[in-house]
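Here's the letter readout for the chains.
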Amino acid sequence: MLVCDCNDVEYDVIKESVKKHGNDIEAIKDATDAGTTCECCLEEDCDKVDLPLPLAIKRALSEL
Ligand code: FES
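Residues numbered from 1 in each chain as written. Predicted model: local features only at pLDDT ≥ 70, side-chain atom pairs only at ≥ 80, totals over all residues.

Student: Honestly, the overall build of the chain in this entry has me stumped. Any pointers?
Tutor: Looking only at helices and strands, the chain features 3 helices and 2 strands. Secondary structure elements of the chain occur, N-terminal to C-terminal, as β-β-α-α-α. Against the 2.2 N^0.38 benchmark of 11 Å for 64 residues, the chain shows a C-alpha radius of gyration of 10 Å, consistent with a compact globule. The proportion of buried residues among the 64 residues of the chain is 31%. Considering only contacts within the chain whose residues lie at least 6 apart along the sequence, 51% involve residues at least 24 apart. (Helix = DSSP H or I, 4+ residues; strand = E, 2+ residues; numbered from the N terminus. Rg over C-alpha atoms; globule rule 2.2 N^0.38 Å. Buried ≥ 20, exposed ≤ 12 C-beta atoms within 10 Å, placed from the backbone. Contact = placed C-beta atoms within 7 Å.)

This is the structure in structure tokens:
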């Protein structure tokens, strides 16, 4: 499931990062590069991706 189109980041990568960084979005951006280019995927209504970063973090927190 794609979370960031610009940097080709999949949900599994975000989930691993959330294990380490919790809901610290800045740390997750630094670690994965998600959301660091066009920034569309930082918005919950971004239509370039399957699951924008804020929603991916929420889902990961609920699954861990
Ligand atoms: S889609 Fe994530 S930075 Fe562009």
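Student: How do you make sense of the packing of helix α1 (residues 11-21) against helix α3 (residues 53-63) when you look at a structure like this?
Tutor: For any two helices packed against each other, one specifies the inter-axial angle together with the distance between the axes. Following both chains from N to C, one finds α1 and α3 inclined at 60°, their axes separated by 9 Å at the closest point. On the basis of their axis angle, the class for α1 and α3 is oblique. As for how α1 packs across α3, the hand of that crossing is right-handed. Along the contact surface, α1 presents Tyr11, Ile14, Lys15 and Val18, while α3 presents Ala56, Ile57, Ala60, Leu61 and Glu63. Taken together, the residues of the contact of α1 with α3 sort by class into 7 nonpolar, no polar and 2 charged. (Axes fitted to C-alpha atoms, helices over the stretch in contact; angles between N-to-C directions. Parallel < 35°, antiparallel > 145°, perpendicular 65-115°, else oblique. Left-handed = near helix turned anticlockwise from the far one by under 90°. Nonpolar A, V, L, I, M, F, W, Y, C, P; charged D, E, K, R; others polar.)

Student: Would you mind showing me how to read α1 here?
Tutor: An α-helix turns once per 3.6 residues; consequently, residues spaced three or four apart project the same way. Here α1 has its buried residues at Ile14, Ser17 and Val18. Burial along α1 is one-sided: seen end-on, the buried residues are contained in an arc of 105°. Exposed side of α1, more than 90 degrees from the buried face: Asp12, Lys19 and Lys20 are the residues found there. Glycine 22 sits one or two residues past α1 and shows a positive phi near 60°. (Arc of directions from axis to C-beta.)

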